[in-house]
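Structure assessment
For reference, the chains in residue letters:
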Amino acid sequence: MGEVTMDKIVSLCKRRGFIFQSSEIYGGLNGSYDYGPMGVQLKNNIRDFWWKEMTQMHDDIVGLDSSILMAAKVWEASGHVGNFSDPMVDCKECKSRFRSDQINLEAACPVCGNKGTFTEPKNFNLMFETHIGANSDDSSVIYLRPETAQGIYVNFKNVVASSRVKIPFGIAQIGKSFRNEITTKNFIFRSCEFEQMEMQFFCKPGDDEKWFPYWREQRMAFYEKMGIRADHLRWHQHGPKELAFYAKDAYDIEFLFPMGWQELEGVHSRTDYDLTQHTKFSGKQQDYLDAVTQERYIPYVVETSAGLTRNVLMALSDAYDEEVLEGGEIRTVLHFHPKLAPVTVAVLPLVKKDGISEIAKELEETLREHYTTFYDQGGAIGRRYRRMDEVGTPYCVTIDYDTKEDNSVTLRFRDSMDQVRIPMSELVTTIDKATKEYKRK
Ligand code: ATP
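Rules behind the numbers
Residues numbered from 1 in each chain as written. Predicted model: local features only at pLDDT ≥ 70, side-chain atom pairs only at ≥ 80, totals over all residues. Pairing = 2+ DSSP bridges. Helix = DSSP H or I, 4+ residues; strand = E, 2+ residues; numbered from the N terminus. Axes fitted to C-alpha atoms, helices over the stretch in contact; angles between N-to-C directions. Buried ≥ 20, exposed ≤ 12 C-beta atoms within 10 Å, placed from the backbone. Arc of directions from axis to C-beta. Contact = placed C-beta atoms within 7 Å. Near = placed C-beta within 6 Å. Nonpolar A, V, L, I, M, F, W, Y, C, P; charged D, E, K, R; others polar.

Below, the discussion takes up the sheet that holds strand 7 (residues 122–125). Pairing within the open sheet is antiparallel, and its three strands lie in the order 6-5-7. A strand with exactly one partner marks an edge of an open sheet, and here the two such strands are strand 6 (97–99) and strand 7. Sheet twist, expressed as the average angle between the axes of neighbouring strands with direction ignored, equals 50°. In terms of strand pairing, strand 5 (residues 85–90) meets strand 7 through four bridges, oriented antiparallel. Bridging from a neighbouring strand, P87 pairs with N123 of strand 7.

A word on helix 8 (residues 273–282). For helix 8, the set of buried residues is D274, L275 and H278. The buried residues of helix 8 occupy one face: seen down the axis, they fall within an arc of 95°. Lining the buried residues of helix 8 we find helix 3 (72–78), helix 5 (149–153), helix 6 (156–162), strand 14 (260–271) and strand 17 (300–307). Positive backbone phi, approximately 75°, marks G283, located one or two places after helix 8.

Time to look at the site of the ligand. Around the ligand sit 16 residues in total, of which F194, G266, S305, G307 and R310 are the nearest. The set of elements that each furnish at least two residues to the shell around the ligand consists of strand 11 (193–203), strand 14, strand 17 and helix 9 (308–319). The element that contributes the greatest number of residues to the shell around the ligand is strand 14, accounting for four residues. For the shell around the ligand, the residue count by class is three nonpolar, six polar and seven charged.

Bringing the pairing of strand 5 into the picture now. With three bridges connecting them, strand 5 and strand 6 associate as antiparallel partners. Residue pairing in the sheet places V89 in a bridge with F98 of strand 6. Following strand 5, the chain reverses through six residues before pairing antiparallel with strand 6; K95 in that reversal takes a positive phi of roughly 70°.

For strand 17, the buried fraction is high: seven of the eight residues fall into the buried class. Pairing between strand 11 and strand 17: eight bridges, direction antiparallel. Bridge assignment links C203 to a residue of strand 17, and that residue is Y300. Direction of pairing for strand 14 relative to strand 17: antiparallel, over a ladder of six bridges. Counted as the bridge partner of G266 is S305 from strand 17.

Dropping the structure here:
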């Protein structure tokens, strides 16, 4: 119905406890965000869904959790110390900072409107630098990791030696990454601290021709399983100018965010570049011995690299809707897939007295075993439903006087607002079936 704008999403996120600005009482810190009670649950649900899909559903993928702080040499080998920079200009008048590849340098400053006030473009390294140990000199410099992938590469040999993996296989990892981004607008889309969900798939050189299209297909199917609308997703293949110098081919999955089509995830064919670089810089051979053919080679890599926090923004943007109800009332609702919704079932007693709230509380405690639940006994039922719609709760159960008589409850579905009267004992099977068959209209 109503147009989805970033302002509406930011406002809902604050109002309903999804996402807050970091250090807000001190005026906020640019590019950092805090996930509130609803936001952390949504983020964890997306994280768990990815982890299950990549590790449990693919028996050729194992997991890893490497540290954020790594030897500085890792980032020299990967090229981040030398190349990981964006060209940047400042407006001398209003001091605003921009990526020079994202604005027209001949035009007026988009913030203050002055012309000819930009500095010369300078390269700006995106890695956050800090020091380890007691001395703060050049030898103690280390970096907060700007991607999780390098933690996977430097553990390639450890995983091969300690697990029963055989090429082809993948290593998956989810974790925080940090980039000193120059332009951090668009809410959590581009932040300085964010989370990534990455998988590096190691294969025999040449077999990447088979695995690259396979992983592109798998990754797009993942978003459809998440319930994201297919017409809000598309592919973008990197042109020769965009392609990293070592990459054989690269595609981005783009999503139609409120500000337009933007990258959500990259699927990259990276050849043997990273493992070769680590061989050179560490002096340790990062190769693989095929036990059957006795062939020794440095594997090729197909990478799938998604932003978890960017996925949260995608889920919110895709789910957001404003519906005009009969009588003109506007209902704000998040149509999350039930698997992603922060609260799966809300239990709402129609009245507090005569033992009704006790029955409702007891039911809520039983349902906790199966779902994330929420108990709310205060206020008009219509208002309680609206609150649940705004956080995307797919199922609400109400308890009333009839429940006392016959153990029946009313189950209300978020999207259709349909209500059915069913025995309490059938709640779990009914909810499970509805979740399994869920299709967004
Ligand atoms: P861009 O060109 O937009 O800066 P990128 O191409 O450098 O991004 P990658 O290095 O390929 O991005 O990172 C993989 C994924 O990590 C991206 O698709 C995105 O989902 C996520 N990501 C990267 N940078 C950020 C950020 N600053 N904030 C949130 N998510 C990010």
